[in-house]
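# Summary of structural features
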Amino acid sequence: MTEEQQQIRDLAREFAEGELKPHAEEWDREAHFPREVVQKLGELGFLGMLLPEQYEGLGMDTATYLIALEEIARGDASVAVAMSVHNSLPTQMILAHGTDAQKERWLMPMARGEWLGAFSLSEPDAGSDAARMAAQARRVDGGWVLNGAKAWVTNGGFGDVVVAMARTDTPDDRRGAKGIGAFIIPTGAEGYIVGKKEDKMGQRASETVGIAFRDLFVADDQVLGDPSLGFIYALQGLDGGRMGIAAVATGIAQAALEHAVRYADERKQFGTPIRAFQGMQFKLANMAMRVEAARSLVMRAAAAKDAGKPEARLSSMAKLFASEAAMYVTTEAVQVFGGYGYVKEYPVERLFRDAKVTEIYEGTSEIQRTVIARELYR
Ligand code: CAA
């Protein structure tokens, strides 16, 4: 790590230790997202890490951003996923494909953390097969009118701006993946309906909602780039987003490892701390190795992106490996704690639940394998 990266890591760690970790259990229990924390993240610059200074961002590289994100996840995965979605998806899509005017209008308040961003691709009947979405945008004078239902939108209710994908082709001329646009929509717009808030297994504090568009008018200056290439922009965005989820998963795994290491030292059975048993040492070693390997792969993917050569393959590998490592490490951490790991009094139970969704959102592990295998033949 460079000196700057160490400083950012320390800042994120201090914030996570002081402002997130002490409340994580309560926010999980209440399924409450601490909106005020977003404001603080914004004040620290954590919501504009990847945006250029010109747009009031910190202009940092991907590696530094992911180092900070892992630390935030180590404190609270729900806050981390909100930060990940905001930084990796809507802001990056606007930066990559927006006009100068769009960047001025949307990115500055998003970089300051005044507006929290969301990303909406999935639908109730189009998850892994996202290009089969049905939400329709109809061309009208000066813009588009959107109708349809979207699903699983992180930050979709209390967030302020969502970059949402909807079909721009017509029912009698379907163009598959090349018939979809990306639209910048303020969540306060008329016709933007927030639906059911999901009652989730883990990352319960992060808000996941269904949304609906009901004759929602979106002006031409809220369309990103070419209105037929929104799906491609979304997949490019997800290449970055998946690295973010990989960092979140690594943070969850790191937290579980630390709890297990401490507990194995404190807990005595058969007259000795359980870490004296080789069976326990093997467990801890396997957990620690996976955390390091996950982090290394995250940094490898980040380095490729920072060198201007982003690779879908590497970001899928990082997401796949880190999320499976998080599941492995948290499962083993529960085992190290024994019965105490199975009750809510100890944090490994929550970390175990928080880990699971990292194998599902932003592309399931099966989709990551599909992407990796396809790339092998490209
Ligand atoms: N970057 C740029 N372009 C890409 C690309 C990428 N990473 N991957 C594919 N494309 C291009 C392809 O080249 C193709 O264009 P051409 O025809 O010109 O070559 C076009 O996009 C369509 O690609 P495919 O034919 O590969 O499309 P597909 O329908 O077979 O789907 C898929 C590919 C990988 C399965 C994709 O649908 C996918 O990633 N699915 C998972 C969706 C997902 O991750 N959803 C998560 C939603 S976000 C979320 O979880 C909520 C949250 O808030 C956290």
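So, here's what we can say about the structure. (Residues numbered from 1 in each chain as written. Predicted model: local features only at pLDDT ≥ 70, side-chain atom pairs only at ≥ 80, totals over all residues. Heavy atoms only, no water.)

Once that is clear, we can look at the overall build of the protein chain. Check the secondary structure of the protein chain and you find 12 helices and nine strands. Against the compact-globule benchmark of 21 Å for 378 residues, the protein chain has a radius of gyration of 21 Å, which places it among compact chains. In terms of principal-axis extent, the alpha carbons of the protein chain reach across some 80 × 40 × 40 Å. Within the protein chain, the fraction of its 378 residues that count as buried is 56%. (Helix = DSSP H or I, 4+ residues; strand = E, 2+ residues; numbered from the N terminus. Rg over C-alpha atoms; globule rule 2.2 N^0.38 Å. Buried < 20%, exposed > 50% of the residue type's maximum accessible area, 1.4 Å probe, protein only.)

Looking now at the packing of helix α9 (residues 278-306) against helix α10 (residues 312-337). Running from N to C, α9 and α10 cross one another at 160 degrees; their axes reach a closest spacing of 9 Å. It follows from the interaxial angle that α9 and α10 lie roughly antiparallel. α9 and α10 meet at a crossing whose hand is left-handed. (Axes fitted to C-alpha atoms, helices over the stretch in contact; angles between N-to-C directions. Parallel < 35°, antiparallel > 145°, perpendicular 65-115°, else oblique. Left-handed = near helix turned anticlockwise from the far one by under 90°.)

Now for the pattern of salt bridges. Taken as a whole and assessed by the stated rule, the structure comprises 33 salt bridges. A salt bridge links Glu324 to Arg369, with the shortest nitrogen-to-oxygen separation between them at 3.1 Å. Placement of the pair is Glu324 in helix α10 and Arg369 in helix α12 (residues 365-376), with a sequence separation of 45 residues. According to the relative accessible area criterion, Glu324 is partly exposed, its value standing at 29%. Judged by its relative accessible area of 41%, Arg369 is partly exposed. Connected through salt bridges with shared partners, the residues Arg13, Glu17, Lys21, Glu71, Arg74 and Glu258 form a single ionic network. (Salt bridge = Lys/Arg side-chain N within 4 Å of Asp/Glu carboxyl O.)

The next thing to look at is the packing of aromatic side chains. Taken as a whole and assessed by the stated rule, the structure comprises eight aromatic pairs. Note on Phe337 and Tyr346: the rings are 5.8 Å apart at their centroids and 55 degrees apart in plane angle, and the pair reads as tilted. We classify Phe337 as buried; its relative accessible area is 5%. Joined through ring pairs, the aromatic side chains of Tyr263, Phe337, Tyr340 and Tyr346 make up one cluster. (Phe/Tyr/Trp six-rings, centres within 6.5 Å; stacked < 30°, edge-to-face > 60°.)

Attention shifts here to helix α3 (residues 35-43). Those residues of α3 that sit buried are Val37, Val38, Leu41 and Gly42. Buried residues of α3, viewed axially, fall in a sector of 145 degrees; they line one side. Those residues of α3 hidden inside the fold are in contact with α1 (3-20), α2 (24-30), α4 (62-75), α5 (77-88) and α7 (100-112). Where α3 terminates, the next one or two residues include Gly45, which has phi positive at roughly 90 degrees. (Arc of directions from axis to C-beta. Contact = heavy atoms within 4.5 Å.)

So, on to unusual backbone geometry. Despite not being glycine, Asn155 has its phi angle at roughly 65 degrees, a positive value. Looking at the element boundaries, Asn155 is found in the loop between β3 (143-154) and β4 (161-167). Residues other than glycine seldom take positive phi values, yet Asp215 does so here, at roughly 45 degrees. Positionally, Asp215 belongs in strand β7 (residues 208-219).

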